[in-house]
Amino acid sequence: MNYVENKTLVITGASRGIGAAIVRYSAAMGARVVLSARSEAAVTEIANEITAAGGQATALACDVSDYGEVSALMDHAMQVFGSIDVLVNNAGVIEPIARLIDSDPGAWGRIADVNYKGVYHGLRAAIPHMIGQGGGTIINISSGAATSALEGWSHYCSSKAAVFSLTRCADKEYRDQGLCVLGLSPGTVATDMQAAIKSSGLNPVSQLDPSAHIPPEWVAKTVHHLCGPAGMTFAGTDFSLKSRDAKVQVGLPVS
(Lines give C-alpha, C1' and ligand atoms only; values in the text may rest on other atoms or scores of the structure.)
Protein backbone atom coordinates (compact mmCIF):
# COMPACT_ATOMS: atom_id res chain seq x y z
CA MET A 1 0.00 0.00 0.00
CA ASN A 2 1.06 3.59 -0.66
CA TYR A 3 0.18 5.75 2.32
CA VAL A 4 1.75 9.05 1.23
CA GLU A 5 0.86 9.45 -2.44
CA ASN A 6 -0.62 12.91 -3.07
CA LYS A 7 -0.15 13.85 0.59
CA THR A 8 1.90 16.75 1.90
CA LEU A 9 4.72 15.84 4.27
CA VAL A 10 6.64 18.47 6.23
CA ILE A 11 10.04 17.21 7.39
CA THR A 12 12.33 19.14 9.73
CA GLY A 13 16.06 18.50 9.80
CA ALA A 14 15.78 17.48 6.15
CA SER A 15 19.22 18.46 4.86
CA ARG A 16 20.93 15.15 5.60
CA GLY A 17 20.73 11.79 7.36
CA ILE A 18 17.32 10.53 8.42
CA GLY A 19 15.50 13.67 7.27
CA ALA A 20 16.94 13.61 3.75
CA ALA A 21 16.18 9.89 3.48
CA ILE A 22 12.54 10.47 4.48
CA VAL A 23 12.25 13.27 1.93
CA ARG A 24 13.66 11.24 -0.95
CA TYR A 25 11.69 8.09 -0.16
CA SER A 26 8.41 9.97 0.31
CA ALA A 27 8.88 11.95 -2.91
CA ALA A 28 9.57 8.72 -4.79
CA MET A 29 6.26 7.41 -3.42
CA GLY A 30 4.42 10.40 -4.88
CA ALA A 31 4.23 12.64 -1.82
CA ARG A 32 4.49 16.42 -1.88
CA VAL A 33 7.44 17.17 0.38
CA VAL A 34 8.28 20.32 2.32
CA LEU A 35 11.92 20.35 3.41
CA SER A 36 13.31 22.45 6.21
CA ALA A 37 16.66 22.86 7.92
CA ARG A 38 18.84 25.69 9.09
CA SER A 39 20.83 25.48 5.83
CA GLU A 40 18.63 26.80 3.05
CA ALA A 41 21.20 25.86 0.42
CA ALA A 42 21.24 22.21 1.50
CA VAL A 43 17.47 21.69 1.49
CA THR A 44 17.06 23.70 -1.74
CA GLU A 45 19.56 21.40 -3.44
CA ILE A 46 17.56 18.31 -2.44
CA ALA A 47 14.26 19.95 -3.43
CA ASN A 48 15.70 20.81 -6.84
CA GLU A 49 16.88 17.22 -7.24
CA ILE A 50 13.33 16.00 -6.56
CA THR A 51 11.59 18.44 -8.88
CA ALA A 52 14.11 17.70 -11.65
CA ALA A 53 13.06 14.05 -11.38
CA GLY A 54 9.38 15.00 -11.72
CA GLY A 55 8.48 15.13 -8.04
CA GLN A 56 6.89 17.88 -5.98
CA ALA A 57 9.05 19.62 -3.39
CA THR A 58 9.62 22.97 -1.78
CA ALA A 59 12.26 24.06 0.72
CA LEU A 60 12.49 26.71 3.40
CA ALA A 61 15.20 27.56 5.91
CA CYS A 62 13.94 27.01 9.44
CA ASP A 63 15.51 26.95 12.89
CA VAL A 64 13.07 24.84 14.90
CA SER A 65 14.13 26.55 18.13
CA ASP A 66 12.39 29.71 16.82
CA TYR A 67 8.60 29.37 16.93
CA GLY A 68 8.11 32.19 14.41
CA GLU A 69 10.19 30.31 11.83
CA VAL A 70 8.33 27.05 12.46
CA SER A 71 4.98 28.80 12.12
CA ALA A 72 6.17 30.36 8.87
CA LEU A 73 7.17 26.89 7.65
CA MET A 74 3.66 25.54 8.20
CA ASP A 75 2.14 28.58 6.51
CA HIS A 76 4.50 28.00 3.57
CA ALA A 77 3.36 24.37 3.28
CA MET A 78 -0.28 25.46 3.23
CA GLN A 79 0.35 28.18 0.66
CA VAL A 80 2.29 25.92 -1.71
CA PHE A 81 0.46 22.61 -1.36
CA GLY A 82 -2.79 23.42 0.48
CA SER A 83 -2.48 20.91 3.31
CA ILE A 84 -0.23 19.43 5.98
CA ASP A 85 -1.04 15.75 6.06
CA VAL A 86 2.08 14.55 7.85
CA LEU A 87 4.63 16.33 10.02
CA VAL A 88 7.87 14.55 10.85
CA ASN A 89 9.59 16.29 13.77
CA ASN A 90 13.05 15.02 12.93
CA ALA A 91 15.42 17.92 13.67
CA GLY A 92 17.74 17.05 16.52
CA VAL A 93 21.32 17.42 17.71
CA ILE A 94 23.56 15.63 20.21
CA GLU A 95 26.76 17.68 20.31
CA PRO A 96 28.50 18.59 22.49
CA ILE A 97 28.59 15.30 24.39
CA ALA A 98 29.87 15.78 27.94
CA ARG A 99 29.36 14.71 31.52
CA LEU A 100 27.22 17.10 33.53
CA ILE A 101 30.02 18.96 35.30
CA ASP A 102 31.96 19.26 32.04
CA SER A 103 29.00 20.56 30.05
CA ASP A 104 28.61 24.13 28.87
CA PRO A 105 25.27 25.52 30.14
CA GLY A 106 24.67 27.50 26.96
CA ALA A 107 25.33 24.52 24.70
CA TRP A 108 23.23 22.26 26.96
CA GLY A 109 20.35 24.71 26.70
CA ARG A 110 20.68 24.84 22.92
CA ILE A 111 20.05 21.08 22.81
CA ALA A 112 16.83 21.61 24.77
CA ASP A 113 15.82 24.42 22.42
CA VAL A 114 16.20 22.21 19.34
CA ASN A 115 15.34 18.70 20.53
CA TYR A 116 12.55 19.53 22.98
CA LYS A 117 11.17 22.98 22.22
CA GLY A 118 11.59 22.35 18.49
CA VAL A 119 9.12 19.47 18.69
CA TYR A 120 6.71 21.57 20.76
CA HIS A 121 6.95 24.32 18.14
CA GLY A 122 6.15 21.83 15.38
CA LEU A 123 3.13 20.52 17.26
CA ARG A 124 1.89 23.99 18.13
CA ALA A 125 2.21 25.29 14.57
CA ALA A 126 0.90 22.25 12.68
CA ILE A 127 -1.98 21.03 14.81
CA PRO A 128 -4.37 23.95 14.09
CA HIS A 129 -3.94 23.38 10.35
CA MET A 130 -4.54 19.64 10.75
CA ILE A 131 -7.65 20.16 12.85
CA GLY A 132 -8.95 22.57 10.21
CA GLN A 133 -8.55 20.00 7.47
CA GLY A 134 -10.03 17.15 9.53
CA GLY A 135 -6.93 15.24 10.61
CA GLY A 136 -3.29 14.42 10.10
CA THR A 137 -0.32 12.42 11.33
CA ILE A 138 2.59 13.69 13.42
CA ILE A 139 5.64 11.48 13.88
CA ASN A 140 8.18 12.61 16.44
CA ILE A 141 11.59 11.01 15.96
CA SER A 142 12.30 9.53 19.36
CA SER A 143 15.08 7.42 20.84
CA GLY A 144 15.76 4.66 23.31
CA ALA A 145 17.56 7.45 25.16
CA ALA A 146 14.11 8.68 26.23
CA THR A 147 13.97 5.89 28.81
CA SER A 148 17.70 5.40 29.42
CA ALA A 149 20.47 7.11 31.38
CA LEU A 150 23.67 7.30 29.35
CA GLU A 151 26.93 8.87 30.42
CA GLY A 152 27.58 12.17 28.69
CA TRP A 153 24.06 12.31 27.27
CA SER A 154 22.14 14.14 30.00
CA HIS A 155 21.05 16.73 27.43
CA TYR A 156 19.99 14.18 24.82
CA CYS A 157 18.33 11.66 27.15
CA SER A 158 16.30 14.30 28.97
CA SER A 159 15.25 16.06 25.77
CA LYS A 160 14.08 12.79 24.21
CA ALA A 161 12.19 11.93 27.41
CA ALA A 162 10.46 15.31 27.07
CA VAL A 163 9.58 14.54 23.45
CA PHE A 164 7.99 11.26 24.53
CA SER A 165 5.88 13.15 27.06
CA LEU A 166 4.83 15.66 24.39
CA THR A 167 3.77 12.76 22.17
CA ARG A 168 1.57 11.38 24.93
CA CYS A 169 0.04 14.76 25.73
CA ALA A 170 -0.71 15.61 22.09
CA ASP A 171 -2.35 12.23 21.56
CA LYS A 172 -4.54 12.68 24.63
CA GLU A 173 -5.62 16.16 23.58
CA TYR A 174 -6.18 15.67 19.84
CA ARG A 175 -6.81 12.02 18.98
CA ASP A 176 -10.56 12.66 19.10
CA GLN A 177 -10.12 15.44 16.53
CA GLY A 178 -8.60 13.14 13.94
CA LEU A 179 -4.91 13.43 14.75
CA CYS A 180 -2.51 10.52 15.03
CA VAL A 181 0.54 11.55 17.08
CA LEU A 182 3.24 8.98 17.77
CA GLY A 183 6.96 8.57 18.21
CA LEU A 184 9.43 6.57 16.17
CA SER A 185 12.48 5.21 17.97
CA PRO A 186 14.79 3.86 15.26
CA GLY A 187 17.76 2.72 17.31
CA THR A 188 21.24 3.68 16.11
CA VAL A 189 21.31 4.94 12.53
CA ALA A 190 24.28 5.37 10.20
CA THR A 191 24.36 9.17 10.05
CA ASP A 192 26.89 11.92 10.78
CA MET A 193 25.72 11.89 14.41
CA GLN A 194 27.47 8.56 14.90
CA ALA A 195 30.86 10.18 14.23
CA ALA A 196 30.34 12.59 17.14
CA ILE A 197 29.18 9.76 19.38
CA LYS A 198 32.17 7.59 18.42
CA SER A 199 34.71 10.34 19.02
CA SER A 200 33.33 11.08 22.51
CA GLY A 201 34.38 7.65 23.79
CA LEU A 202 31.63 7.89 26.42
CA ASN A 203 29.05 5.18 27.18
CA PRO A 204 28.49 1.88 25.33
CA VAL A 205 26.93 3.49 22.25
CA SER A 206 30.28 5.03 21.31
CA GLN A 207 31.80 1.53 21.29
CA LEU A 208 29.35 0.04 18.80
CA ASP A 209 30.73 -1.35 15.57
CA PRO A 210 29.49 0.60 12.53
CA SER A 211 27.77 -2.56 11.29
CA ALA A 212 25.31 -2.22 14.19
CA HIS A 213 23.80 0.96 12.75
CA ILE A 214 20.82 0.70 10.41
CA PRO A 215 20.68 2.74 7.18
CA PRO A 216 18.55 5.92 7.26
CA GLU A 217 16.47 4.52 4.40
CA TRP A 218 15.04 1.98 6.86
CA VAL A 219 13.74 4.84 8.97
CA ALA A 220 12.20 6.42 5.88
CA LYS A 221 10.34 3.21 5.07
CA THR A 222 9.14 3.01 8.67
CA VAL A 223 7.77 6.56 8.50
CA HIS A 224 5.80 5.51 5.41
CA HIS A 225 4.48 2.45 7.25
CA LEU A 226 3.36 4.58 10.20
CA CYS A 227 1.49 6.96 7.89
CA GLY A 228 -0.91 4.08 7.31
CA PRO A 229 -3.26 2.25 9.70
CA ALA A 230 -0.33 1.00 11.79
CA GLY A 231 0.29 4.53 13.00
CA MET A 232 -2.89 4.69 15.04
CA THR A 233 -1.96 1.42 16.74
CA PHE A 234 1.00 3.24 18.27
CA ALA A 235 -0.64 6.63 18.82
CA GLY A 236 0.53 8.20 22.05
CA THR A 237 3.57 5.96 22.33
CA ASP A 238 6.80 5.06 20.53
CA PHE A 239 7.19 2.55 17.74
CA SER A 240 10.62 0.97 18.32
CA LEU A 241 12.43 -0.33 15.27
CA LYS A 242 14.96 -2.24 17.35
CA SER A 243 12.93 -5.45 17.59
CA ARG A 244 12.78 -8.19 15.00
CA ASP A 245 8.97 -8.09 15.00
CA ALA A 246 8.98 -4.38 14.20
CA LYS A 247 11.30 -4.89 11.23
CA VAL A 248 9.08 -7.69 9.94
CA GLN A 249 6.03 -5.47 10.29
CA VAL A 250 7.65 -2.73 8.22
CA GLY A 251 9.04 -5.19 5.67
CA LEU A 252 12.71 -4.64 6.49
CA PRO A 253 15.47 -7.27 6.41
CA VAL A 254 16.01 -9.23 9.60
CA SER A 255 19.11 -11.16 10.62
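Here is what the cut-offs are and how they apply
- Residues numbered from 1 in each chain as written.
- Predicted model: local features only at pLDDT ≥ 70, side-chain atom pairs only at ≥ 80, totals over all residues.
- Heavy atoms only, no water.
- Helix = DSSP H or I, 4+ residues; strand = E, 2+ residues; numbered from the N terminus.
- Rg over C-alpha atoms; globule rule 2.2 N^0.38 Å.
- Buried < 20%, exposed > 50% of the residue type's maximum accessible area, 1.4 Å probe, protein only.
- Contact = heavy atoms within 4.5 Å.
- Areas by Shrake-Rupley, 256 points an atom, 1.4 Å probe, with all protein chains shown as cover.
- Lys, Arg positive; Asp, Glu negative; His and termini not counted.
- Charge placed at Lys NZ, Arg CZ, Asp CG, Glu CD.
- Arc of directions from axis to C-beta.
- 1 Å grid on protein atoms, 1.4 Å probe; cavity = no way out; pocket = protein on both sides within 12 Å on 5 of 7 lines; lining within 4 Å.
- Points joined across faces, edges and corners; volume = space filled by probe spheres on them.
- Nonpolar A, V, L, I, M, F, W, Y, C, P; charged D, E, K, R; others polar.
- Core = buried A, V, L, I, M, F, W, Y, C linked by side-chain atoms within 4.5 Å.
- Phe/Tyr/Trp six-rings, centres within 6.5 Å; stacked < 30°, edge-to-face > 60°.
- Salt bridge = Lys/Arg side-chain N within 4 Å of Asp/Glu carboxyl O.

We now examine the overall build of the protein chain. Each helix and strand in the protein chain was counted, giving 9 helices and 7 strands. Scaling as 2.2 N^0.38, a compact globule of 255 residues should have a C-alpha radius of gyration of about 18 Å, and the protein chain matches this with 17 Å. Considering only C-alpha atoms, the protein chain reaches an extent of 50 × 40 × 40 Å along its principal axes. In the protein chain, which comprises 255 residues, the proportion classed as buried is 50%. Put simply, 70% of the contacts in the protein chain that link residues at least 6 apart link residues at least 24 apart. Carbon and sulfur atoms make up 52% of the accessible area of the protein chain, which totals about 11200 Å². Each charge sign in the protein chain was given a centre, from 18 positive and 22 negative side chains, and these centres are 6 Å apart.

With respect to the secondary-structure elements, Arg32 resides in strand β2 (residues 32-37). On the basis of relative accessible area, Arg32 is assigned to the buried category, the value being 15%. The contact partners of Arg32, leaving out residues within four places of it in the chain, are Asn6, Lys7, Thr8, Leu9, Gln56, Phe81, Ser83 and Asp85.

For the rest of this paragraph, the subject is helix α6 (residues 193-200). In an α-helix there are 3.6 residues to a turn, and that puts residues three or four apart on one side. Residues Gln194, Ala196 and Ile197 constitute the buried set of α6. Take α6 and look down its axis: the buried residues cluster within an arc of 160 degrees, on one side only. Along α6, exposed side chains directed more than 90 degrees from the buried face belong to Ala195 and Ser199. Positive phi appears at Gly201, one or two residues downstream of α6, with a value of about 70 degrees.

With that settled, consider empty space enclosed by the protein. Throughout the structure, instances matching the rule amount to 2 cavities of 30 Å³ or more. For the largest cavity, the calculated volume is near 50 Å³. Residue lining of the largest cavity: Pro96, Ala98, Ser103, Asp104, Ala107, Trp108 and His155, and that is the complete set. When its residues are assigned to classes, the lining of the largest cavity shows 4 nonpolar, 2 polar and 1 charged. In this structure, the second largest cavity spans a volume of roughly 30 Å³. The residue makeup of the lining of the second largest cavity, split by class, is 3 nonpolar, 4 polar and no charged.

We now examine the environment of Leu123. Along the chain, Leu123 falls in helix α4 (residues 105-133). Leu123 gets classed as buried once you look at its relative accessible area, which sits at 6%. When sequence neighbours within four positions are dropped, the list of residues in contact with Leu123 reads Leu87, Asn89, Pro128, Ile138, Leu166, Ala170 and Val181.

The next subject is the nonpolar core. Formed by 41 residues in total, the largest nonpolar core has its most connected members in Ile11, Val23, Val33, Leu35 and Leu184. Those residues in contact with Leu35 that sit more than four places away from it in its chain are Ile11, Ala14, Val23, Val43, Ile46, Ala47, Ala57, Thr58, Ala59 and Leu60. Counting 25 residues, the second-largest nonpolar core is a separate cluster that includes Leu123, Ala125, Ala126 and Leu179.

The subject of this paragraph is the packing of aromatic side chains. Given two aromatic rings, one states the distance between the centres and the angle between the planes to describe the pair. According to the stated counting rule, one finds 2 aromatic pairs in the structure shown. Geometrically, the ring pair formed by Trp153 and Tyr156 is edge-to-face, given 5.4 Å between the ring centres and 75 degrees between the ring planes. As far as burial versus exposure is concerned, Trp153 and Tyr156 are alike and both buried. Residues Phe234 and Phe239 carry aromatic rings whose centres are separated by 4.8 Å and whose planes lie at 85 degrees to one another, so their mutual orientation is edge-to-face.

What follows is about the pattern of salt bridges. All chains considered together, the criterion is met by 6 salt bridges. Notably, a salt bridge pairs Lys117 with Asp113, separated by 3.5 Å at the nearest N-O pair. Here Lys117 and its partner Asp113 are both found in helix α4, 4 residues apart, which amounts to about one turn of the helix. When its relative accessible area of 26% is taken as the criterion, Asp113 is described as partly exposed. Between Asp171 and Arg175 there is a salt bridge; the shortest N-O distance is 2.8 Å. Judged by relative accessible area, Arg175 falls into the partly exposed class, the value being 36%.

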